[in-house]
Every structure is written in C-alpha cells, then in structure tokens.
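One letter stands for each residue in the lines below.
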Amino acid sequence: MPSGQRAQWKGFLKFGEVSCGVALYTAASTSERITFNTINKATGNRVNRIFIDSETEDPVPKEAQTKGFEIENGQYIIIDPEEVSAAIPESNKTLEIEAFIPCSDVDDVYFDKPYYLTPDKMGGDAFAALRDAMKKSMVAAIARTVLFRRMRTVLIRPHGKGLIASTLNYDYEVRSSEKAFEEMPKLKIQGEMLDLAKHIISTKKGEFDPATFDDRYEAALADLVKAKLEGKSLPKPKKVQVSKPNDLLAALRESAGMMKAAADPPRRTAANANQGTGRQRAARGAAAKSAASKAAPQRKAS
C-alpha cells in the first residue's frame, strides 16, 4: 500500500479459478496544479455558485433539485436520484479477466485513466504469479467490473513491481478519426523535402523521459502570480511564425543545416591539430627562442 495514499477501490482480481485481493490507487493526479477562485471585482470577495430556475430566475436549493433527461426543447423526463442508483449495475467487487491480448492491440485513443493495482497481504503469491507470467508472455489483460458507479472495461499491464490498470473509453465515446481528418488535402511529399524532414528526425532522436518535460502552463501561472505579488509585469511572448508553403523547403534546408552543425563539432585540419592553437604555437616559439639563446653561449664556450 503506497504510504500517504488512500485506495480508490478495493476488491478482487480473478483469472481462471485463481483470485487475490487487490486495491486501486490513483496513478495520475491534478491536485498539484495551480487553481483560481472566482472573485467579485468590486468587493474582492469570493463568488459562490447558486442554481437558478431558468424561467422564474428564483434560487433553487439543493433539496429541491433532481435529475432530468431532455426529450424535446424544454421538455424533460424527471428521474429521481434513487432511480439512478437502482439502475447502476450491482458491483461484486471483482476485476474478472476475460482475455489476454498483445499489448499493442489497444489503440492509445481508448485509454482513459491509469491506476496502480497492488495486492493485499494475503494475495501476494497469486498476484506475483500473474504479473510475472504476463511479463514473460508479453501480454495485457482485459477485465470488467463496476468502478465508481459505472461498468468499466479495464486494461491491465505489468508495471514495475506491480500492475497498472487503465480504464478504457467505450467505442461510442471515441470519435472517428476519419471525420477529424476528412478535410485534409491529399498531399504526397517526396524528393528533397521528404529527405530533409527525415534528416531532421534522425538528428533529433532521443528517449522518452517524463522527468525532462515541464508544464509550461503551470510555470507561466506561477510566474504570473509571483509577478503580481511583486508588482511587476511579465514580458509579452513572441508570436510564432507559421511556415508558408512557399517557404517550407527553405525552412527545412535551414533546419537541416542547423541540426548538422549542432551534431558535428568543429574539426581542426591535420596541420592545425599537430600545431595546436595560435596561443600554443606562440608559446612553443617563445620556448624555442629561449632554449636557443641559452644554448648559444655554451656553443661559443666549447
């Protein structure tokens, strides 16, 4: 159990006839983000939210509020909260694995929220057996259960010493990519333009390290708050110049040249490498003159 964290869900993980107690912990949180309150400019006081009747404009207290489904413009079917609770599938607190699939089978667009899946004290052996077997087989598991009052499909993968369970969006929740890209023109890039783009990619290859990425929005908000406290103003950001089609090839050439210059350190010629820098050559020359002047009297004496 992670120290200082509270389990979001506790239940059982079942595969075949084997089951073990498990708990879900939030893997990603937004609690550290900077948040603002709505303030009345005139008084400087915080503003409270009040629900107003759309027709009478009278305030509606919480005990007088209920749920409704709109069937026509302004026409609703009233549904009580008790009816909503009765319609929710009953939870048996069991994550039952339905299938094992290759990890690459699930498109990332279906991923919703990640949770760390940990064993309880009594189910460590069964949990570890499943984890290690999944690692060896290079598979993920598809499971279903009621989480947070909804039937959810969950993708379970080995992650460090434990498992990570990601809730998945349903198919009807994921918008079609064809509609998103339907207005894109049909362009086929080839020749020098494609080669330059590939060259830039090859010089910028790296590894994913989330520790190296900063939240610029959060940093900007922090700077803004600090500047306001100190009575200062922030400099205006520079506008980004979008490359025009006619300038794209020139921009690619310039980028490729900059990348190559950064990747290749300046080299000295063979003669320069042997001679060293100008300062080094001058130092050697002075030393040679000094040695010659000392040797001259010796030659005369002999």
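Residues numbered from 1 in each chain as written. Predicted model: local features only at pLDDT ≥ 70, side-chain atom pairs only at ≥ 80, totals over all residues. Heavy atoms only, no water.

**Digging into helix H2 (residues 124-137)**
One full turn of an α-helix is made of 3.6 residues, so residues set three or four places apart face in the same direction.
Consideration 1: An ideal rise of 1.5 Å per residue puts 20 Å on 14 residues; H2 measures up with 20 Å between its terminal C-alpha atoms.
Consideration 2: Every buried residue of H2 is listed here: Ala126, Phe127, Leu130, Arg131 and Met134. Down the axis of H2, the buried set is contained in an arc of 135°. They therefore lie on one face. Exposed and oriented more than 90 degrees from the buried face of H2 are Asp125 and Lys136.
Consideration 3: Just past H2, the residue Met138 takes up positive phi, approximately 55°. (Helix = DSSP H or I, 4+ residues; strand = E, 2+ residues; numbered from the N terminus. Expected span 1.5 Å × (residues − 1). Buried < 20%, exposed > 50% of the residue type's maximum accessible area, 1.4 Å probe, protein only. Arc of directions from axis to C-beta.)

**What to know about the packing of aromatic side chains**
Consideration 1: Enumeration according to the criterion identifies two aromatic pairs in this entry.
Consideration 2: Ring geometry for Tyr115 versus Phe148: centroids 5.8 Å apart, planes at 40°, classification tilted. Here Tyr115, found in strand E6 (residues 111-119), pairs with Phe148, found in the loop between strand E7 (139-147) and strand E8 (150-159); they are 33 residues apart in sequence, far enough to count as distant. (Phe/Tyr/Trp six-rings, centres within 6.5 Å; stacked < 30°, edge-to-face > 60°.)

**Points about the pairing of strand E4 (residues 75-79)**
Consideration 1: Note that strand E3 (residues 67-72) and E4 share five bridges and pair antiparallel. Each residue of the ladder has a partner; that of Lys67, found in E4, is Ile79.
Consideration 2: As consecutive antiparallel partners, E3 and E4 are separated by two residues, and within that stretch Gly74 has a phi angle of approximately 85°, a positive value. (Pairing = 2+ DSSP bridges.)

**Side note on the environment of Gly123**
Consideration 1: Along the chain, Gly123 falls in the loop between E6 and H2.
Consideration 2: For the pair Gly123 and Cys20, spaced 103 residues apart in the sequence, the C-alpha separation amounts to 4.7 Å.

**Regarding the nonpolar core**
Consideration 1: If you look at the biggest cluster of nonpolar residues, it comprises 22 residues, and the most contacted ones within it are Leu13, Leu117, Ile156 and Leu163.
Consideration 2: Secondary-structure elements contributing two or more residues to this core are strand E1 (9-15), strand E2 (18-26), strand E5 (94-102), E6, H2, E7, E8 and strand E9 (162-168).
Consideration 3: Among residues more than four places away in sequence, those in contact with Leu13 are Val18, Ser19, Cys20, Val22, Leu95, Ile97, Leu117, Leu130, Ile156 and Leu163.
Consideration 4: In this structure, Ile101, Ala140, Leu155 and Leu168 belong to the second largest nonpolar core, which totals six residues. (Core = buried A, V, L, I, M, F, W, Y, C linked by side-chain atoms within 4.5 Å. Contact = heavy atoms within 4.5 Å.)

**Remarks on the pattern of salt bridges**
Here the idea is simple: oppositely charged side chains can pair when their charged atoms come close.
Consideration 1: Per the stated rule, a full pass over the model turns up five salt bridges.
Consideration 2: With a closest N to O distance of 2.9 Å, Arg152 and Asp112 form a salt bridge. Of the two residues, Arg152 is situated in strand E8 and Asp112 in strand E6; the sequence distance between them amounts to 40 residues.
Consideration 3: The buried category is assigned to Arg152, whose relative accessible area is 11%.
Consideration 4: One salt bridge in this structure joins Arg150 and Glu173, with 3.9 Å as the shortest N-O distance. Placement of Arg150 in strand E8 and of Glu173 in the loop between E9 and helix H3 (177-180) is noted, with a sequence separation of 23 residues between them.
Consideration 5: With relative accessibility at 33%, the residue Glu173 sits in the partly exposed group. (Salt bridge = Lys/Arg side-chain N within 4 Å of Asp/Glu carboxyl O.)

These values are about where atoms sit, not about what they do.
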